[in-house]
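Close look at the chain arrangement
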Amino acid sequence: MKMKDKVIKGLWIILIVICLCSFIVYKKGLNAKEIAIAAHSRFAEDIETVAAAEVQEDTYNGTIGTMDSFDFISRVNGRVYGLYVKSGDEVKRGEPILLIDNRDEAKKLKKAWDEAVGLIEPAKEKALEAADELKRITPLYNKGEVEPEVYKQQAEELNRRTEELSEIIKNSDTAKIKYDIAVVNSFITAPADGVIVNLNLKQKEDISGGSILCEITETDIKYIEFSVKEHMIYDIFLGEQVTVTADEVGHRGNVIEIDRAGDASNLHRVRAIIYDPGELKDDQTAEVRFGYNDDKSNEETLSEAESLSVAG
């Protein structure tokens, strides 16, 4: 799983370089010999070498707040496997509430992710072939042996192939997010101390995504609220993991609300619950990015759930 992440990360670097080069080739009147040759040498490097480089990740500024109650809404489809509390029970932060057996769902999403990743390499090869051809005809074009229209067509071919690669990488990213959501959200734990109420589930009861599982009251649950632009809103999912950073300390969280309508400025409000708030204070400003900083937090959270969703 980690290798796939590295490959996808490296391919984003390749994609950015290809797109920049093909854009410049097109805009500079098709006279870009040095650009084409430099580009080809850049993305001809070994993929593992490229994967080691860093990619700039989007971050958002948000504000910390507190909720005194919270509805647990299922983000997965399955059936109740483990019930660890009952209505009226007091719970401490991190204590288990219930475990949902969603192995069938997780297996389907894992297969979809594997298939999406499998499409990347063929698309990358087609983009590199287009870059090879652009490199080959560049000196011929500069000598007047290749017509400008032919050169333009090759630049457009490179653009088309990189757009295809971009879409395939985006689809693989989305498939991974959906798989992660299915795994992480199958194991429900208390985000803070409180009292569980309205828990009426039974062992082996079927659970549908979007259904209310129970509620926690008499609590102080930290959340962060931030806004994203309209083009981002459909790439964000309920239950998606986020990292909240304040004073150089990272905190794990999950998206719990998404405002699909937006405001007058076409900004959409997103709220994420914070599971390990530490010393975060209300009205404090913090940075948010999607995904966790590393895989260790997943492993700690999923110790029991992994035996179902991951191991199958």
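Described below are features of the structure shown in this document. All values derive from a computational prediction rather than experimental measurement.

This part takes up the overall build of the protein chain. Scanning the protein chain from terminus to terminus reveals eight helices and 14 strands. Burial statistics for the protein chain: of 312 residues in total, 44% are counted as buried. Intrachain contacts of the protein chain at a sequence separation of at least 6 include 80% that bridge at least 24 residues. A total accessible area of about 16300 Å² is found for the protein chain, and carbon and sulfur atoms account for 48% of it.

Another aspect to go through is the packing of aromatic side chains. In total, this model carries seven aromatic pairs according to the counting rule given. Between Trp113 and Tyr179, the ring centres sit 5.8 Å apart and the planes meet at 25 degrees, which makes this aromatic pair stacked. Of this pair, Trp113 sits in helix α4 (residues 103-118) while Tyr179 sits in helix α6 (residues 148-184), and the two are 66 residues apart along the sequence. Chaining the aromatic ring pairs together yields one cluster made of Tyr60, Phe226 and Phe290. The ring centre of Tyr223 lies 3.8 Å from the NZ or CZ of Arg271, which sits over that ring.

Looking now at the pairing of strand β9 (residues 212-217). Across the six residues of β9, five count as buried, placing the element largely inside the fold. The pairing of strand β7 (residues 194-197) with β9 spans three bridges and is classified as antiparallel. Pairing of Val195 across the sheet is with Thr217, part of β9.

The description of two packed helices rests on the angle between their axes and on the distance between the axes. Viewed as axis vectors pointing N to C, α4 and α6 meet at an angle of 160 degrees, and their least axial separation amounts to 8 Å. Compared by their axis directions, α4 and α6 come out roughly antiparallel. Between α4 and α6 lies a crossing whose hand is left-handed. Residues Glu105, Ala106, Leu109, Lys110, Ala112, Trp113, Ala116 and Val117 of α4 form the contact with α6, whose participating residues are Ile168, Asn171, Ser172, Ala175, Lys176, Lys178, Tyr179 and Ala182. Looking at the contact of α4 with α6 residue by residue, the classes come out as ten nonpolar, two polar and four charged.

So, on to the environment of Ile137. Inspection of the secondary structure assignment puts Ile137 in helix α5 (residues 120-142). Filtering out sequence-adjacent residues up to four positions away, Ile137 remains in contact with Val146, Tyr151 and Gln154.

This part takes up a negative patch on the surface. Where like charges cluster on the molecular surface, the negative patch consists of Asp68, Glu95, Asp193 and Asp220. The class of Asp68 is exposed, set by a relative accessible area of 55%.

Now for the pattern of salt bridges. According to the stated counting rule, one finds 17 salt bridges in the structure shown. We note a salt bridge from Glu164 to Arg161, for which the minimum N-O separation is 3.1 Å. Of this pair, Glu164 and Arg161 both sit in helix α6, three residues apart, which is roughly one turn of the helix. According to the relative accessible area criterion, Glu164 is partly exposed, its value standing at 30%. Relative accessible area serves as the criterion here: at 17%, Arg161 is assigned to the buried category.

What follows is about the pairing of strand β10 (residues 221-229). Bridging between strand β1 (residues 60-67) and β10 involves six bridges; their strand directions are antiparallel. Following the sheet pairing, Met67 is matched in β10 by Ile221. Pairing between β10 and strand β13 (residues 267-274): seven bridges, direction antiparallel. Bridging across to β13, Val228 finds its partner in His268.

Here we take up the nonpolar core. Counting residues in each nonpolar core, the largest one holds 24 residues, and the members touching the most others are Phe70, Phe72, Ile97, Leu98, Ile196 and Leu213. Elements represented by at least two residues in this core include exactly β2 (70-73), β5 (96-101), β9 and β10. Counting residues in each nonpolar core, the second largest holds 20 residues, with Ile64, Ile224, Leu280 and Ala286 among its members.

Looking now at α5. A rise of 1.5 Å per residue sets the reference length of α5, with its 23 residues, at 33 Å; its end C-alpha atoms lie 33 Å apart and thus fit the reference within 8%. For α5, the principal kink sits at Arg136 and spans about 25 degrees; a proline, Pro139, occurs within the next four residues. Residues of α5 that are buried include every one of Ile120, Ala123, Lys124, Ala127, Leu128, Ala130, Ala131, Leu134, Ile137, Thr138 and Tyr141, and no others. Backbone geometry just downstream of α5 places Gly144 in the positive-phi region, at approximately 85 degrees.

What counts and what doesn't
- Residues numbered from 1 in each chain as written.
- Predicted model: local features only at pLDDT ≥ 70, side-chain atom pairs only at ≥ 80, totals over all residues.
- Heavy atoms only, no water.
- Helix = DSSP H or I, 4+ residues; strand = E, 2+ residues; numbered from the N terminus.
- Buried < 20%, exposed > 50% of the residue type's maximum accessible area, 1.4 Å probe, protein only.
- Contact = heavy atoms within 4.5 Å.
- Areas by Shrake-Rupley, 256 points an atom, 1.4 Å probe, with all protein chains shown as cover.
- Phe/Tyr/Trp six-rings, centres within 6.5 Å; stacked < 30°, edge-to-face > 60°.
- Lys NZ or Arg CZ within 6 Å of the ring centre and 35° of its normal.
- Pairing = 2+ DSSP bridges.
- Axes fitted to C-alpha atoms, helices over the stretch in contact; angles between N-to-C directions.
- Parallel < 35°, antiparallel > 145°, perpendicular 65-115°, else oblique.
- Left-handed = near helix turned anticlockwise from the far one by under 90°.
- Nonpolar A, V, L, I, M, F, W, Y, C, P; charged D, E, K, R; others polar.
- Patch = residues over 30% accessible without salt bridge, like charges linked within 9 Å, V, L, I, M, F, W, Y side chains within 5 Å.
- Salt bridge = Lys/Arg side-chain N within 4 Å of Asp/Glu carboxyl O.
- Lys, Arg positive; Asp, Glu negative; His and termini not counted.
- Charge placed at Lys NZ, Arg CZ, Asp CG, Glu CD.
- Core = buried A, V, L, I, M, F, W, Y, C linked by side-chain atoms within 4.5 Å.
- Expected span 1.5 Å × (residues − 1).
- Bend = angle between axes of the 7 residues up to and from the residue.

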